[in-house]
Amino acid sequence: VKIVESGGGLVQAGGSLRLSCAASGRLFGINDMGWYRQAPGKQRELVATITSGGTTTYADFVKGRFTISRDNAKNTVYVQMNSLKPEDTAVYYCNAVRRVFGTVTNYWGQGTQVTVSS
């Protein structure tokens, strides 16, 4: 499974960015996909997840500002990030979870940098 993120960049506070994550390869058993982020000196944290059926979860700190969506036909997940804050600055990673016969495997992309200037 290959995970490739795109869409990061530099934006001013209050601005917007849209990240994309494309999954390819043997995708059997992959249902949940999502976005995590890691700021310098901090642990990686969950941003949002979405199932193949469209059920979403969000971290409290992005509720009302970020929207995760998914195109199952393209095996692509997006996150629309609005009202960005300097504290949203981080490397954003896409995650895909495979669950097969009780075995859970996580796949990660290389990350895309999001920098929000004040």
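The structure reproduced in this document is the subject of the present report.

1. Examining the nonpolar core
In this structure, Met33, Trp35, Phe66, Met81 and Tyr92 are the most contacted members of the largest nonpolar core, which totals 28 residues. Counting only elements with at least two residues in this core, the list comes to strand S3 (17-24), strand S4 (30-38), strand S5 (45-50), strand S7 (66-71), strand S8 (76-81), strand S9 (90-100) and strand S11 (112-117). Setting aside anything within four residues of it in sequence, one finds Met33 in contact with Cys21, Ala23, Thr49, Ile50, Ile68, Arg70, Val77, Cys94, Asn95 and Ala96.

2. Some details on the environment of Glu45
For Glu45, the position within the fold is in strand S5. On the basis of relative accessible area, Glu45 is assigned to the partly exposed category, the value being 31%. C-alpha separation for the pair Glu45 and Trp35, spaced ten residues apart in sequence, amounts to 8.8 Å. Dropping the residues within four chain positions of it, Glu45 is found in contact with Tyr36, Arg37 and Phe61.

3. Examining the state of the cysteines
Applying the stated criterion to the full structure yields one disulfide. The disulfide partner of Cys21 is Cys94, and the S-S distance across this bridge is 1.9 Å. Between Cys21 and Cys94, the disulfide has an S-S torsion of -75 degrees and is therefore left-handed. Pair noted here: Cys21 is in strand S3 and Cys94 is in strand S9, with a separation of 73 residues, a long-range link. Overall, Cys94 belongs to the buried group, its relative accessible area being 0%.

Cut-offs and rules
Residues numbered from 1 in each chain as written. Predicted model: local features only at pLDDT ≥ 70, side-chain atom pairs only at ≥ 80, totals over all residues. Heavy atoms only, no water. Core = buried A, V, L, I, M, F, W, Y, C linked by side-chain atoms within 4.5 Å. Buried < 20%, exposed > 50% of the residue type's maximum accessible area, 1.4 Å probe, protein only. Helix = DSSP H or I, 4+ residues; strand = E, 2+ residues; numbered from the N terminus. Contact = heavy atoms within 4.5 Å. Disulfide = S-S within 2.5 Å.

So, to be careful, I would describe these as geometric facts and stop short of saying anything about function.
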